[in-house]
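Chain by chain, the residues run as shown.
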Amino acid sequence: MPENIPIIIWVSENANEQTGLLFTMSLLRERKNNIFFINTGQLYKEIFKSKSIWRQGIWA
């Protein structure tokens, strides 16, 4: 993978995914790429903190 390509890792807060993240980071430790994490557990909580979002038809 070219060094100018960013790496985006989607991960949640459970133990399996956190362990996989640590393993993946150990494999990528020599890479010069920018690495970004998206915490899907936190993102879900922020997006769906209110059920009113469904009633407003945003996801229709």
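The sections below set out a description of the structure shown in this document. Being a predicted model, the structure only gives us computed values, none of them experimental.

## Let's talk about the overall build of the chain
Step number 1: Counting its secondary structure elements, the chain contains three helices and two strands.
Step number 2: Order of helices (α) and strands (β) in the chain, N terminus to C terminus: β-α-β-α-α.
Step number 3: A separation of at least 24 residues holds for 63% of the contacts in the chain among residues at least 6 apart in sequence.
Step number 4: Counting every atom, the chain has about 5,100 Å² of accessible surface; 59% of that belongs to carbon and sulfur.

## Things to note about the nonpolar core
Step number 1: Counting residues in hydrophobic clusters, the biggest one holds five residues: Ile7, Ile9, Val11, Leu21 and Leu28.
Step number 2: With three residues, strand 1 (residues 7–11) is the single largest residue contributor to this core.
Step number 3: Beyond its immediate sequence surroundings of up to four residues, Ile9 is in contact with Leu21, Thr24, Met25, Leu28, Ile35, Phe36, Phe37 and Ile38.

## Some details on the environment of Leu21
Step number 1: Summarising the element assignment, Leu21 is placed in helix 1 (residues 15–27).
Step number 2: Once the C-alpha coordinates of Leu21 and Val11 are considered, the two residues, 10 residues apart in sequence, prove to be 7.3 Å apart.
Step number 3: Dropping the residues within four chain positions of it, Leu21 is found in contact with Ile9, Val11 and Phe37.

## Some remarks on the pairing of strand 2 (residues 35–39)
Step number 1: Alignment of strand 1 against strand 2, held across five bridges, turns out to be parallel. Each residue of the ladder has a partner; that of Ile9, found in strand 2, is Phe37.
Step number 2: For the crossover that starts at strand 1, traverses helix 1 and ends in the parallel strand 2, the hand is right-handed.

Rules used in this analysis
Sequence order as written defines residue numbering, which begins from 1 separately in each chain. Where totals are concerned, whole chains, interfaces and linings use all residues; where local detail is concerned, this predicted model gives features only for residues with pLDDT of at least 70, and gives and counts side-chain atom pairs only at 80 or more. Only hydrogens and water are set aside; all other atoms, that is, all heavy atoms of the structure, feed into the side-chain values. In DSSP terms, a helix is any run of H or I states spanning at least four residues, a strand is any run of E spanning at least two, and both are numbered starting from the N terminus. Any two residues having at least one pair of non-hydrogen atoms within 4.5 Å are treated as being in contact. Each accessible area is a Shrake-Rupley estimate made with a 1.4 Å probe; only the visible protein chains count as cover when residues are assessed. Side-chain atoms within 4.5 Å are what join buried Ala, Val, Leu, Ile, Met, Phe, Trp, Tyr and Cys residues into a set we call a nonpolar core. Using a 1.4 Å probe on the protein chains alone, a residue whose accessible area is under 20% of its type maximum counts as buried, one over 50% counts as exposed, and one in between counts as partly exposed. Any two strands are treated as partners once DSSP identifies two or more bridges connecting them. By the criterion used throughout, a crossover qualifies as right-handed when its path from the first strand across the helix to the second strand runs clockwise, the strands pointing away from the viewer.

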